[in-house]
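Architecture and fold: a report
Residues per chain, in single letters:
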Amino acid sequence: MTNTRRTRLLTAVVTTGLAIGVVAAPAAMATPSADAVISEVYGGGGNSGATLTNDFIELGNRGTAAAVLDGYTVQYLQAAPSASSTWQTTPLTGSVTPGGRYLVAESKGSGGTTALPTPDATGTIAMAGGAATVALVQGTAALTCKTAADCAADPRIKDLVGFGAATVREGSPAPAASNTASVARAISLADTDDNSVDFTAGDPTPTNTKGETTGSGGPTGPPPISEKIHDIQGTTRISPVKDQKVGDVTGVVTAIRMFGSSRGFWFTDPNPDADPRTSEGLFVFTGSTTPAVAVGDALTATGTVREFYPDAPATSNYQSTTELTAATWTINSSGNPVPAPTVITPNLVPAVYAPSAGGNIESLPLEPAKYALDFWESHEGETVSVSDARVVGASNSFGELYVTDKPQEHPTARGGTVYLGYDKLDTGVLKVTSLIPFAQQPFPQVNVGDVLTGLTSGPVEYSSFGGYTLDASILGAAKDNGLKQEVTRKQRTGELAVATYNVQNLSAVDPQAKFDQLAKGVVVNLATPDVVNLEEIQDNNGPAVVGDGVVAADQTLTKFTDSIVAAGGPRYQWREIDPQDVTDGGQPGGNIRVVFLFNPARVSFVDRPGGGTNIADGVTADHGQAHLTQSPGRIDPTNVAWKSSRKPLAGEFVFGGRTVFVIANHFDAKLGDQPTHGRNQPPSRSSEVQRLQQATEVHQFVGQLLAADKNANVIVAGDLNDFPFSPAIAPLTAGGQLKDLVAGLPENERYTYVFEGQSQVLDHLLVSQAPRGVDYDVVHVNAEFAKQASDHDPQVVRFRPSTGNFIGDAYYELLDYLDQLLHRP
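1. What about the state of the cysteines?
Covalent bonding between the sulfur atoms of two cysteines is what defines a disulfide. Under the definition given, this model contains one disulfide. Across the disulfide from C145 sits C151; the S-S distance is 2.1 Å. On the S-S bond that ties C145 to C151, the torsion sits near 95°, and the link is right-handed. Of the two residues examined, C145 and C151, each falls in the buried class.

2. A few points about the sheet that holds strand β9 (residues 132-138)
With antiparallel pairing, the four strands of this open sheet are ordered in space as β5-β4-β9-β10. Edge positions in the open sheet fall to β5 (88-91) and β10 (157-163), since each of these has one partner strand only. When the angles between neighbouring strand axes are averaged without regard to direction, this sheet yields 15°.

3. Topic: the packing of aromatic side chains
In the structure shown here, the tally under the stated rule is 18 aromatic pairs. Aromatic pair F265 and W329: ring centres 5.1 Å apart, planes at 80°, arrangement edge-to-face. Pair noted here: F265 is in strand β15 (residues 263-268) and W329 is in strand β18 (residues 321-333), with a separation of 64 residues, a long-range link. Look at W329 and you get partly exposed, because its relative accessible area is 25%.

4. Overview of the pairing of strand β33 (residues 625-628)
Going residue by residue along β33, you find A626 and L628 tucked away on one face and Q625 and H627 left uncovered on the opposite face. Where strand β32 (residues 619-622) meets β33, four bridges bridge the pair, whose relative direction is antiparallel. Its bridge partner being in β33, T620 is matched across the sheet by H627. The hairpin formed by β32 and β33 contains two residues between the paired strands, and H623 there has a positive phi angle of roughly 55°.

5. Re unusual backbone geometry
The step from S631 to P632 runs through a cis peptide bond, and the omega angle for that step is 0°. Its place among the elements puts P632 in the loop between β33 and β34 (633-634). Of note, the amide linkage connecting Q681 to P682 takes the cis form, showing an omega dihedral of -5°. The residue P682 is located in the loop between β37 (680-681) and α8 (688-708) in this model. Here Q504, not a glycine, exhibits a phi torsion of approximately 50°, which is positive. As for its position among the elements, Q504 is in strand β27 (residues 496-506).

6. Section: the nonpolar core
Membership of the largest hydrophobic core comes to 31 residues, with the highest contact counts inside it found for I344, W376, L401, V403, V432, L470 and L475. Secondary-structure elements contributing two or more residues to this core are α5 (372-377), β21 (383-393), β22 (401-404), β23 (429-434), β24 (451-463) and β25 (467-472). If sequence neighbours within four positions are ignored, L401 has contacts with G393, A394, S395, L430, K431, V432, F443, P444, V446 and L452.

7. Observations concerning the pattern of salt bridges
For the coordinates displayed, the defined rule picks out 33 salt bridges. Where D243 meets R306, a salt bridge forms, and the shortest distance between an N and an O atom there is 2.7 Å. A residue pair is termed long-range when its members are at least 10 positions apart, and D243 in the loop between α4 (229-233) and β14 (245-257) and R306 in strand β17 (residues 298-308) qualify at 63 residues. A relative accessible area of 33% means that D243 is categorised as partly exposed. According to the relative accessible area criterion, R306 is buried, its value standing at 14%. Taking the shortest distance from any N to any O, the salt bridge between R685 and E688 comes out at 2.9 Å. Several salt bridges converge on common partners, so that one network encompasses R489, R492, E495, D775 and R798.

8. What to know about the sheet that holds strand β12 (residues 199-202)
In spatial order, the strands read β8-β7-β2-β1-β11-β12; together these six strands make up an open sheet with mixed pairing. Because the sheet does not close on itself, it has two edges, and the strands there are β8 (121-122) and β12. The sheet contact formed by strand β1 (residues 36-42) and strand β2 (residues 54-61) spans six bridges and is antiparallel. From the neighbouring strand, I38 faces β2, where its bridge partner is L59.

Scoring rules and cut-offs
- Residues numbered from 1 in each chain as written.
- Predicted model: local features only at pLDDT ≥ 70, side-chain atom pairs only at ≥ 80, totals over all residues.
- Heavy atoms only, no water.
- Disulfide = S-S within 2.5 Å.
- Buried < 20%, exposed > 50% of the residue type's maximum accessible area, 1.4 Å probe, protein only.
- Pairing = 2+ DSSP bridges.
- Helix = DSSP H or I, 4+ residues; strand = E, 2+ residues; numbered from the N terminus.
- Axes fitted to C-alpha atoms, helices over the stretch in contact; angles between N-to-C directions.
- Phe/Tyr/Trp six-rings, centres within 6.5 Å; stacked < 30°, edge-to-face > 60°.
- Core = buried A, V, L, I, M, F, W, Y, C linked by side-chain atoms within 4.5 Å.
- Contact = heavy atoms within 4.5 Å.
- Salt bridge = Lys/Arg side-chain N within 4 Å of Asp/Glu carboxyl O.

Right under this line is the structure:
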């Protein structure tokens, strides 16, 4: 699965103790400027989601006398300069008073709604939104330095800031900016010549020499509105004072985020109103600066109210978080008792997930007693607590886990919570992260079914990954309930075992440990199936370079089959068809595909030449028997249904003289679907359209096999990226051609994957009517565990292939029965 995680909450390294090695380039370190400095930089003007129409560079004067700028320039360099890169310049005139600001307008974009205050200088530089370098230079000639060290040695540079992944910077780079965030110095204009220390990301506040500003009520802007927290939060999801400056906001600090790029603190008004819809808690965002507050501080704050979205607000599918930004505060007293948390009990959160509004729910009045999403929104920023919470989503590398506050809600047989329908979302599931530094309390490594014993408590916020989240300032201790990996039984002599396994972007460059863990899964947990359909086998160099022309996977498959032998398994052979470079989706550059592994000591593969990347497989009939025109072959690979997606692979096998057709699949992913916890309810599932086309294509191909031989043994297997109740899967079982085996399991066993704390089905095995003695098993070895070889669980079906006549089938059933008697324990 593609990971585009964490635009602001960069907590994984701290909370999970991951070590990341960084080779740092020499950093520019010069004498700090005594007067004029760069005070703010913004390159998102006019971009998608931006409010301001222009990029800008703001200067400030930290000295005691006016700083004359005549003959100076501000200059701009891209974040990763090449040999041909050049500095772009904008000349300056005039001066900036002590403590004042000087505004340089740069390129205007096509978006945005708010113009800058009247600039003091104007240029045409089209600045990058996320990362770049800006310098204040004495002189008009363009700089020529391209490294931090060379720029540090240039005496013309009075001040310099590199932000994001900028090569040229002072010290370490400032945080990344964005279309909605600038990087700015503190009000004091302190200059340590370390950009990471001096600058934080936050709301753009362009200010000119007259003190005119935009958006936050600067020196000549409107005075702040006196508001209580519950007035700021309001009775809908959007604050009634959004984008306005507020003051006299009082509360007691309840929790602090001290690491990452989304630092800040939560405070709660101890004198609530009587409206259950209005939260009494609020997050104060301080960017990369740890706020100088302590839990128990009673304070009065001033700042600008913003609704933070993880992406462009105009097009976002997610909900927002109400925040106070560009804030200042006065601590009135310390050591105060914090307001008591809301204790979450099994019957407190409503059973109905969200209002079915047919669109955006942000403007609807909250109904916290009726809808789960509204309940959590009405507690945004407040402290809540859960006790002895059962884990339903294992710990991950981002420092997250999921618990349930409703232990009896759709429980799985192994301690999870199963997802059984679009109208049956599990309202008890809650994401948990930690505000506690790793050195003080490591984040627990827990599996599904484990318990966070005692109290887990902290403020509530919304996350685009997992929805409403408890950011724990008190984290319960982990109790290991001993979840074990499952081991399926070995197939009997007369049974053919066919498995499917998504091995999650496996390439030859992966560490041997991953191969060993996957190999153990095949040999021990799956008991060496005769045929294994593999999904997400990558090419030999994985995602190293996109479009490098490498599509072969022989090294990947050799390494995997060697690992299976080393684990005590058979020498599997494989069949596959290489995809065309960068056409089948998945991790960019990885060229994932589906592959057949088979044990030649048990089953034969019928090699029939002619198959190729863009050659469609077909079916022929010979004396009432079906055969593939190519084996292996791809199903209609040029059809629009398979655009940017994996093409199914059809293979013809022979087991005990009986022909078996296996079709390996990896349907299109759910990318583009709106989240279940987002602002659009019910969410749109646009990706279903392509999977519906793909299922129809496979159904038609199976129909050709059954038309040639109504008793054909057909297995359709793979990661279909959808649920048994989804309309996208329905064509596969239309007309009774195939039976979806996972749909026949008891509800509490119906899952192959765990996403955002809900156990669910993505992987399927379907069989035609011909196979006899069908025995099916999902083998849980990954999805419920913190340590995973893959994020999917494999599954296996054992059966006796039909011979197409009663006498033959009876004969083989008798042999199998005798085999069972001989091997009965």
